[in-house]
Amino acid sequence: MGFSQDNLKGFLLALLSSGFIGASFIIKKKGLRRAAAASGVRAGVGGYSYLLEPLWWLGMITMIVGEIANFVAYAFAPAVLVTPLGALSIIVSAILAQLILNEKLHKLGILGCVMCIAGSIIIVIHAPQERPISSVQEIWSMATQPAFLLYMGSVIVLVFILIFYFAPQCGHTNVLVFTGICSLMGSLSVMSVKALGTSLKLTFEGKNQLIYPETWLFMFVVATCVITQMNYLNKALDTFNTAIVSPIYYVMFTTLTIFASVIMFKDWDNQDAGSIISEICGFVVVLSGTILLHATKDFERSSSFRGNYTPLSPSLSTRLCAGNTEVLMHDEDDGSYSEEPCSKRQEFYT
């Protein structure tokens, strides 16, 4: 099956998105280090000097550009193609971390990068053609077909069960609870993003879709799903080791998104069995590479931590626990640990 122009545009935008998002983490981290050096107070212990650091804002702008590129990519290419390519941002981040931040990339981490690239190539080669859509009402008919309504209803029921039953009981001890909520809502958010992106694309082409209430409803669904998704992702990152949360979230989110896209947009209807099997194999290779990258990164951290462990004073550990979620992630990378994360790491590695 030939590679269509729309697929090519979506592919290039997805690559651009991965590049910008991967680079944004490094730029922001560099900005955090520079701000901490200038003020003497790290963000993880309550400092906000990074808000005055131009390099940190450059990282934020870079991330926003990457997210916009990812949003537009869904308007051109199927989710089966765009979503797995998000793993390439991890490769960009890992390579730049070694070049700019002097963070060593383990040999198995290099193998993980190669696996992500190889799997992505397989997916791109066998990706389905984007189905031509002429109006937002056509997308609405896809969203209201019985199969997708069943999927959407199941997702909503599961999310409510996880939020109101499992989260209070075991949300802070079982990583699958918070990541499950994020992944389930994320699959719906991507479908809504694709619907909204396609509507805006048609509008820019001269077919105004803003006059239809369906466009605004999709916009509302995007906002609701993204807010819920980010809220519980922050909870997951704040509660568990980042190297545990990231691969689990990526696996669940990408799998559910592809499944939802296959149901709603019928991505595999016009493909033969060989192409579908190849896409699944490519996806498995990308997942394996992603997990390997995170596993080796965590291995390096645990080795460094064990070799250079110095007990924290109670006052300092208390201050570290007060840090916000985003900066806690950066502090883990820098080798700074609060009392609670330290105990979690000892549970994981003993």
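What counts and how
- Residues numbered from 1 in each chain as written.
- Predicted model: local features only at pLDDT ≥ 70, side-chain atom pairs only at ≥ 80, totals over all residues.
- Heavy atoms only, no water.
- UniProt positions renumbered as here; feature names shortened; annotations may be inferred.
- Helix = DSSP H or I, 4+ residues; strand = E, 2+ residues; numbered from the N terminus.
- Areas by Shrake-Rupley, 256 points an atom, 1.4 Å probe, with all protein chains shown as cover.
- 1 Å grid on protein atoms, 1.4 Å probe; cavity = no way out; pocket = protein on both sides within 12 Å on 5 of 7 lines; lining within 4 Å.
- Points joined across faces, edges and corners; volume = space filled by probe spheres on them.
- Nonpolar A, V, L, I, M, F, W, Y, C, P; charged D, E, K, R; others polar.
- Phe/Tyr/Trp six-rings, centres within 6.5 Å; stacked < 30°, edge-to-face > 60°.
- Buried < 20%, exposed > 50% of the residue type's maximum accessible area, 1.4 Å probe, protein only.
- Lys NZ or Arg CZ within 6 Å of the ring centre and 35° of its normal.
- Expected span 1.5 Å × (residues − 1).
- Axes fitted to C-alpha atoms, helices over the stretch in contact; angles between N-to-C directions.
- Parallel < 35°, antiparallel > 145°, perpendicular 65-115°, else oblique.
- Left-handed = near helix turned anticlockwise from the far one by under 90°.
- Contact = heavy atoms within 4.5 Å.
- Core = buried A, V, L, I, M, F, W, Y, C linked by side-chain atoms within 4.5 Å.
- Salt bridge = Lys/Arg side-chain N within 4 Å of Asp/Glu carboxyl O.

Going by the annotation in an unreviewed UniProt entry, the name recorded for the chain is Probable magnesium transporter, with Olea europaea subsp. europaea given as the source organism. UniProt's Sequence similarities (unreviewed entry) comment on the chain is quoted here verbatim: "Belongs to the NIPA (TC 2.A.7) family."

With that settled, the discussion passes to the overall build of the chain. Within the chain, the secondary structure is distributed over 14 helices and zero strands. From first element to last, N terminus to C terminus, the chain shows the α and β order α-α-α-α-α-α-α-α-α-α-α-α-α-α. With an accessible surface of roughly 16600 Å², the chain has 69% of that area assigned to carbon and sulfur atoms.

Now for the layout of surface pockets. As a volume, the second largest pocket reaches approximately 440 Å³. Forming the walls of the second largest pocket are 23 residues, and the residues nearest its centre are Met-152, Ile-156, Leu-188, Val-221 and Cys-225. Secondary structure elements with two or more residues in the lining of the second largest pocket: helix H6 (136-143), helix H7 (146-170), helix H8 (175-204) and helix H9 (213-239). Among the elements that make up the lining of the second largest pocket, the one with the highest residue count is H7 (eight residues). Across the lining of the second largest pocket, the residue classes break down as 19 nonpolar, four polar and no charged.

What follows concerns the packing of aromatic side chains. This model, assessed by the stated rule, comprises eight aromatic pairs. Plain terms: the ring middles of Tyr-151 and Phe-259 are 5.7 Å apart, the flat faces sit at 65 degrees to each other, and that makes the pair edge-to-face. Of this pair, Tyr-151 sits in helix H7 while Phe-259 is found in helix H10 (residues 242-264), placing the two residues 108 residues apart along the sequence. Exposure remark for Phe-259: the relative accessible area of 47% places this residue in the partly exposed category. Centroid distance Tyr-165 to Phe-166: 4.9 Å. Interplanar angle 90 degrees. Geometry classified as edge-to-face. Geometry around Phe-265 places Lys-194 over its ring, the cationic atom sitting 5.4 Å from the centre.

What follows deals with H9. Between its first and last C-alpha atoms H9 spans 39 Å; for 27 residues at 1.5 Å apiece the expected length is 39 Å, and the two agree. Along H9, the residues classified as buried are Glu-214, Thr-215, Phe-218, Val-222, Cys-225, Thr-228, Gln-229, Tyr-232, Leu-233, Ala-236, Leu-237 and Thr-239.

All right, on to the packing of H6 against H9 then. Running from amino to carboxyl end, H6 crosses H9 at an angle of 55 degrees, the nearest separation of the two axes being 9 Å. In terms of orientation, H6 and H9 fall into the oblique class. With respect to the hand of their crossing, H6 and H9 are arranged in left-handed fashion. In contact with Val-136, Gln-137, Ile-139, Trp-140 and Ala-143 of H6, H9 contributes Glu-214, Thr-215, Leu-217 and Phe-218.

What follows is about the environment of Val-65. For Val-65, the location among the structural elements is in helix H2 (residues 54-76). Since its relative accessible area comes to 34%, Val-65 is described here as partly exposed. Counting along the chain gives 44 residues from Val-65 to Ile-21, while the straight-line C-alpha distance between them is 8.1 Å.

One broad rule of soluble globular proteins: the nonpolar side chains tend to lie buried together. Counting residues in each nonpolar core, the largest one holds 67 residues, and the members touching the most others are Leu-81, Phe-148, Met-191 and Met-264. Take this core: its biggest share by element is 13 residues, from H8. Ignoring anything within four residues of it in the chain, the contact list for Phe-148 reads Met-142, Ala-143, Leu-188, Met-191, Ala-260, Ile-263 and Met-264.

For the structure shown, the criterion picks out two salt bridges. The partner of Lys-201 in a salt bridge is Asp-6, with the nearest N and O atoms 3.6 Å apart. Here Asp-6 lies in helix H1 (residues 5-39) and Lys-201 lies in helix H8, a separation of 195 residues in the sequence. Two residues, Glu-53 and Arg-34, come together in a salt bridge whose shortest N-O distance is 3.9 Å. Of this pair, Glu-53 sits in the loop between H1 and H2 while Arg-34 sits in helix H1; the two residues are 19 residues apart in sequence, bridging distant segments of the chain. A relative accessible area of 11% means that Glu-53 is categorised as buried.

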